[in-house]
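Chain by chain, the residues:
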Amino acid sequence: MKKIVFLVFIAGLLTGCSKLTVDNSVVSELDLQRFLGTWYEIARFDHRFEQGMEQTKANYMLRDDGNIDVLNTGIKNGKPQTAKGKAKLTDVPAMLRVSFFGSFYSDYRVMLINSDYMYALIGSGNDKYLWILSRTPQLSDSIKTIILSEAQRRGYDTESLIWVEH
């Protein structure tokens, strides 16, 4: 009986710890062919695998097997950095599973994309990751306002964004 109570207690703790505090739902449609190519990282939440990075961008290329090669580049301490990864499609059109570390995959959620595929708001399976991407190294203030408003509406702390130098 003690074991059952303990397991229920642990399950309750784990459920409480994984509570999602944001709306990370994806757009209803994503044209993968239009999404492929180069995206500049305009802003992001700070995380250790991109800490100190500037001039960051990502290139998405379709592979023959239908999956996607991902090439992230940037500058850290004046030195070029490169990270190669892969992405798998899911049953949800605007959600990919991306990996840069072997068999460890994370959600990559396209939460906002404009009709011209010129800017996007990207999230993950939790509230710790957020990216603003653009086809150009700079975004106008009016476009930034649109994206930030959407992120705030979804519950993200946009004050925590790091604005990337290009």
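In this report, we go over the structure that sits alongside the text. Treat the numbers as computed from the prediction; the structure is a model and nothing was measured.

A word on the overall build of the protein
- A tally of helices and strands in the protein yields three helices and nine strands.
- Listing the helices and strands of the protein from first to last along the sequence gives α-α-β-β-β-β-β-β-β-β-α-β.
- Burial analysis of the protein (166 residues in total) assigns 37% to the buried set.
- Pairs at least 24 residues apart make up 49% of the contacts formed inside the protein by residues separated by at least 6 positions.

Structural notes on the layout of surface pockets
- Size it by volume and the largest pocket reaches roughly 880 Å³.
- Lining of the largest pocket is provided by 36 residues; of these, H47, F49, N72, F100 and W131 occupy positions nearest its centre.
- Of all the secondary-structure elements, those providing two or more residues to the lining of the largest pocket are β1 (37-45), β2 (53-62), β3 (68-76), β4 (79-89), β5 (95-101), β6 (104-113) and β8 (130-134).
- Among the residues making up the lining of the largest pocket, the classes are represented as 16 nonpolar, 13 polar and seven charged.

Parameters and conventions
- Residues numbered from 1 in each chain as written.
- Predicted model: local features only at pLDDT ≥ 70, side-chain atom pairs only at ≥ 80, totals over all residues.
- Heavy atoms only, no water.
- Helix = DSSP H or I, 4+ residues; strand = E, 2+ residues; numbered from the N terminus.
- Buried < 20%, exposed > 50% of the residue type's maximum accessible area, 1.4 Å probe, protein only.
- Contact = heavy atoms within 4.5 Å.
- 1 Å grid on protein atoms, 1.4 Å probe; cavity = no way out; pocket = protein on both sides within 12 Å on 5 of 7 lines; lining within 4 Å.
- Points joined across faces, edges and corners; volume = space filled by probe spheres on them.
- Nonpolar A, V, L, I, M, F, W, Y, C, P; charged D, E, K, R; others polar.

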